[in-house]
Amino acid sequence: MSPLSRRGFLGLAGTAAGTAALASCGASIDSAGVRPPALATSGAYDGPPVQLDFWNPFTGGDGPTMARLVERFNEAHPSVDVRMTSLLANDMYAKVLPAVAAQEGPQVAIMHLDQLPTYALRGTIVPLDEAVDAAGLSADDYVPGAFEQAVYRGQRWGLPLDVFCMAHYWSRPALEAAGVEGPVDGARFRETTTALQDSGVEHPLWVTPASWQLFVSLLAQFGGSLFDEEGTRATFGSDAGVEALAWMRGLVEDGVSPQGAVDARAPFKNGSASLLLDLPAAIPDLQTTAPGLEWGVAPLMTVGDRPATFANSHHFVLTDQSQADDRTAHAALTFVSWMSRNSDLWAEGGLTPASAAARDAASFQDSRQAVLAQDDVLETYTYLPLVPSSRDIATDTYQRAVSQVVLGQAAPAAAAEFAQRTAQSQLDDLNRLYGL
């Protein structure tokens, strides 16, 4: 494995500089900053007709499920007409800020947890503390940890729709042929992969350059973090970060994964791989596209010092546009609070509904993903931190380090050190721009 080459270093530096420039422009788009809180209203809106636009990033199999939920809401609330638009996540995040600023965007949207600070500081979304209290919602209505995650700098910015994490999947026939059983024990992981290789599976687990969620999981398992608790210092270049990167590269060096893999799910479906580390979105995909495959799913195995898994969450947010008048504000709050309480259908997408009632329902407890949502597993969730513009930082730092290490283009220590230094520079610049 070679150290970080000069070409690789310059490539990283150039990309990071470009991202920082874009971020600096974006951070100052709206100089008004944080908006006043959402209007607090009680009870369901039943006044004159109100039309709401609802944007979300559900363009896969989860889109039709969300459409059914919206249809349910519209049928139950004749005074409110919600029009749903699903956009690719990157497109939605790029469009929503200027659209709301021009009063041509949605009143309600779905955002990932880690995006909330960015759009809060830019004035796109509004605080929800008083509105949520008026709607009668509290932490008791949600699975452990979900409700608390959406608080940034002392204010609430979202209502959770779901939570999701990394998981590990295994082919039952392949493990049986190798004389082992699932789920895979992390302490015996290499013994398991060796047994699978001895049974004829050349590459049991494929790891790709895009496996950054696995890195976040391993970083936490080895005792590290992406940033400090204040979000002012990048910390993923620690010994834990180097160890996580080295473990991932070791999969390739030991032949567990082929070099240059670009897709981990397809070989699991066709039998070229026996193990898969993936998000819960794999569950409906495997059920639909590989109906004959016999497989199991369990929480991510522990190969580090403690159980931990990457986690994120989709949240309902109210945009500044939702506060145009009292009727719109009331209708928007009615929509998000009803959807939050009636999200039982959402489990069809493979994710865990954030609603405690929906998780406890028999329909969810009988689902494949229920094993990922037990209280002891939820305690291992390592949510992406609430750091403004963290996605800009991630793209050109630790995500790039993962790619280069997995591809053998950089040594783990060199990649981690440079990525952390680059992230810190970007973080400092962004915090100045945001006035933090």
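Figured I'd write up the structure that's included with this text. (Residues numbered from 1 in each chain as written. Predicted model: local features only at pLDDT ≥ 70, side-chain atom pairs only at ≥ 80, totals over all residues. Heavy atoms only, no water.)

Looking at the environment of Arg233
Among the structural elements, Arg233 can be located in the loop between α8 (212-221) and α9 (239-253). Owing to a relative accessible area of 47%, Arg233 belongs among the partly exposed residues under this scheme. Expressed as a C-alpha distance, the spacing of Arg233 and Gln420, which sit 187 residues apart in the sequence, is 9.2 Å. Look past the residues within four positions of Arg233 in its chain and what remains in contact with it is Leu226, Phe227, Asp228, Gln424 and Leu427. (Helix = DSSP H or I, 4+ residues; strand = E, 2+ residues; numbered from the N terminus. Buried < 20%, exposed > 50% of the residue type's maximum accessible area, 1.4 Å probe, protein only. Contact = heavy atoms within 4.5 Å.)

Looking at unusual backbone geometry
With omega at 0°, the peptide bond leading from Gly182 into Pro183 counts as cis. Here Pro183 shows up in the loop between α6 (172-177) and α7 (189-198). Its identity is not glycine, yet Arg153 carries a phi of approximately 50°, on the positive side. Looking at the secondary structure, you find Arg153 in the loop between β4 (151-152) and β5 (155-156). The residue Ser389 is not glycine, and still its phi comes out positive at about 60°. If you trace the backbone, Ser389 turns up in the loop between β14 (381-383) and α16 (390-395).

So, the pairing of strand β8 (residues 167-171)
Taking burial as the measure, the five residues of β8 include five buried ones, the bulk of the element. Residues Ala167, Tyr169 and Ser171 point to one face of β8 and His168 and Trp170 to the other, with burial holding for every one of them. With four bridges joining them, β8 and strand β9 (residues 275-278) adopt antiparallel strand pairing. Following the sheet pairing, Tyr169 is matched in β9 by Leu276. Pairing geometry for β8 and strand β10 (residues 295-299), over five bridges, is antiparallel. Considered in β10, the bridge of Trp170 is made with Gly296. (Pairing = 2+ DSSP bridges.)

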